[in-house]
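Fold and geometry: a report
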Amino acid sequence: MSLLENLLQNISSEGTKLKDLLGRDQGHLFETTPWRYDDELPSREAWEASQSVIADCEQLIALLTPTKLKLMHECISNNAAVGLEVAADLRVADKIIENGGEASLAHLAKACNTDEHKLGCTMHMLCHRHIFVEVAPNVFRNNRHSYELRAETGARELVLLECQEGYRSGPGWLQVMKNPQKMHSIDPRDGAFADVYTDGKLGIFEYIMTPEGANCLTNMTIGVPWMSTITVVATRTDLQWDSFGKTVCDVGAGLGSVMLEVKKKYPQLNVVCQELEAMVPAMKETFKDYQKEIEDGSVKLEVHDYFTPQTTVADVYWLRGVIREYEDHTAAKILESLKPALKKNPKAKVIVNELFVPKLITPKTSANTPASKNLPKQQSGWPTICHMQQLGGQQLFSGKERSLEDIINIGEAAGLRFCKFHQFRMFTGAAEFELPAGSKL
Ligand SMILES: C[S@@+](CC[C@H](N)C(=O)[O-])C[C@H]1O[C@@H](n2cnc3c(N)ncnc32)[C@H](O)[C@@H]1O
């Protein structure tokens, strides 16, 4: 059968399965109320069927788009970000809410203090991308996607961070890749953001401490916690946290927000958050309602440098977004430093939580096979979003996003054995390692 026939057949069969699994919770694009699965995870079976339909619909669009239009589409899609920046910056969602839930273009242009024609062109494009709805010519409402852009959610600030600093760093990616002094570096000062914004002098975390970076700092402080809510549900749900033993240790825990979620869901577990000394006050703030647990020792906030030998014996060590900051040999040293504690508890596991850069493998014999069947299982879900995120993250923050193979190599270089991959119903996942039997320090 042709690719077109295979795609249509697969979309139909997986789509029917999905519809039956979702039952009445089928999602919508007209109302402002969230869809149940904006914040919860569908069953694994429903999630897999929906991933399959999405991958195949994306391939179907690529198949049916003439080449010149396909290439045009790709290189002018930056306008999706341009349009979203306009809507976020001018607070269009709020202006629609303030006007009773519906607003004419003339009203919006006046309320936003901008040109009616230019705003109209932007809004028509966004409606075609199913962000806002045009309910009559030049009359707009929020739908569930645009409604999230209202003040107080944090979505607007994240969108502004991505559409401003993120978007403008994009052209620096190629410049860095062509620069012999910078092309192999993952240092933030050699990265795309520094190239575009600070002439190679400051990475983004240094920049936000300068007066010019104040706005970016605000957007990051408000926007990043909003973004974390996207991954936290899968992090909490897609690992059976109580299956490892009684004690979970988060190495390089940041604010400690993952362990807070784990403690909420599994109150019987002991959680340990380890960080550099400067982060301890922020972790205390995260656990401010857990004084009793801090006193009885079931929540511990420890100062620990992850390049030094691990002294806390736990049943599972969790490292989220830690190794992406380092070159392979340095990342391996962090994992290696866990070994003294792993020796004391040889059943303990080490879990590396990162993006797992997805591949789409089309062998010669499978040229007409739908994309959904050619996506390896051992990699991040939501592959299109994951790709935009891994590129965007490296442009803004530098560091190194890796495939599962790359991460297994780092674990093995540290003397650990790869046990299994946990595919989260999200664009992140987790690689599980352990100390091999008879391992020496
Ligand atoms: C990218 S953040 C990840 C934070 C957290 N795991 C999360 O997912 O939100 C890396 C964290 O590692 C911490 N860190 C950096 N160097 C460290 C070291 N040598 N020892 C322990 N923690 C360190 C930083 O303070 C930072 O909070």
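Not measured: the values here are computed from a predicted model. (Residues numbered from 1 in each chain as written. Predicted model: local features only at pLDDT ≥ 70, side-chain atom pairs only at ≥ 80, totals over all residues.)

For the rest of this paragraph, the subject is the environment of G200. Within the element layout of this structure, G200 appears in the loop between α11 (192-197) and α12 (204-207). Along the sequence, G200 and V352 sit 152 residues apart, while their C-alpha atoms lie 30 Å from each other. Apart from the residues lying within four places of it in its own chain, the contact partners of G200 are R189, D190, A194 and D195. (Helix = DSSP H or I, 4+ residues; strand = E, 2+ residues; numbered from the N terminus. Contact = placed C-beta atoms within 7 Å.)

Let's shift gears to the sheet that holds strand β9 (residues 417-423). A sheet is described by the order of its strands in space; here seven strands give the open sequence β6-β5-β4-β7-β8-β10-β9, paired in mixed fashion. Each end of this open sheet is capped by a strand with a single partner; those strands are β6 (299-303) and β9. Averaged over all adjacent pairs, the angle separating strand axes in this sheet is 20°, with direction ignored. Across six bridges, the pairing between β9 and strand β10 (residues 429-434) is antiparallel. Counted as the bridge partner of Q423 is G429 from β10. (Pairing = 2+ DSSP bridges. Axes fitted to C-alpha atoms, helices over the stretch in contact; angles between N-to-C directions.)

A few words on the packing of helix α5 (residues 78-89) against helix α10 (residues 155-178). In the contact formed by α5 and α10, the axes pass within 9 Å of each other and the chain directions differ by 135°. As summarised for this structure, α5 and α10 are arranged oblique, according to the angle between their axes. Judged by the sense of rotation from one axis to the other, the crossing of α5 with α10 is left-handed. In this structure, α5 contributes A81, L84, E85, A88 and D89 to the contact, and α10 contributes R156, V159, L160, C163, Q164 and Y167. A per-class count over the contact of α5 with α10 returns seven nonpolar, one polar and three charged. (Parallel < 35°, antiparallel > 145°, perpendicular 65-115°, else oblique. Left-handed = near helix turned anticlockwise from the far one by under 90°. Nonpolar A, V, L, I, M, F, W, Y, C, P; charged D, E, K, R; others polar.)

As a further point, take the site of the ligand. The full set close to the ligand counts 13 residues, and G252, G254, Y306, R320 and G321 are the nearest of them. Along the lines of polarity and charge, the residues of the shell around the ligand split into six nonpolar, three polar and four charged. (Near = placed C-beta within 6 Å.)

Annotation of the chain at the domain level lists domain 1 (3-32 + 50-63), domain 2 (77-147), domain 3 (155-223) and domain 4 (244-386 + 394-434). Relative to domain 4, the C-alpha centre of domain 1 lies at a distance of 32 Å. With ten residues of domain 1 at the interface, the matching set in domain 4 holds eight residues. Sorting the residues of the side of domain 1 that touches domain 4 by element identifies α1 (3-22) and α3 (44-64) as the ones contributing at least two each. With six residues, α3 is the single largest residue contributor to the side of domain 1 that touches domain 4. Taken together, the residues that form the side of domain 1 that touches domain 4 break down as three nonpolar, five polar and two charged. (Domains from an automatic or database assignment.)

What follows deals with the nonpolar core. Counting residues in hydrophobic clusters, the biggest one holds 54 residues, and the most contacted among them are V248, Y317, W318 and L335. Dropping the residues within four chain positions of it, L335 is found in contact with V350, I410, G411, A414 and L416. (Core = buried A, V, L, I, M, F, W, Y, C linked by C-beta atoms within 7 Å. Buried ≥ 20, exposed ≤ 12 C-beta atoms within 10 Å, placed from the backbone.)

Attention now moves to the pairing of strand β7 (residues 316-320). Among the five residues that make up β7, five are buried, leaving the element largely enclosed by the rest of the structure. One ladder, built from three bridges, connects strand β4 (residues 247-251) with β7; its direction is parallel. When the sheet's bridge partners are listed, V248 is paired in β7 with V316. With five bridges joining them, β7 and strand β8 (residues 349-354) adopt parallel strand pairing. Bridge assignment links Y317 to a residue of β8, and that residue is V350.

Note that E354 resides in strand β8. When residues no more than four places from it in sequence are discounted, the contact partners of E354 are G321, I323, R324, R402, I407 and T428.

On to the sheet that holds strand β3 (residues 139-141). Read from one edge of the open sheet, three strands run β1-β3-β2, paired in antiparallel fashion. Every other strand in the sheet has two partners, leaving β1 (103-104) and β2 (133-136) as the edge strands with one partner each. Pairing between β2 and β3: three bridges, direction antiparallel. Across the sheet, residue A136 finds its bridge partner in β3, namely V139.

With that settled, the discussion passes to the environment of S13. Here S13 lies in helix α1. A C-alpha to C-alpha distance of 9.2 Å links S13 and A49, two positions 36 residues apart in sequence.

Turning next to the confidence of the model for the chain. Mean pLDDT over the chain: 97, with 100% of residues reaching 70 or higher. Scored as a whole, the predicted complex attains pTM 0.95, and scored at its interfaces, ipTM 0.99. (pLDDT = per-residue confidence, 0-100.)

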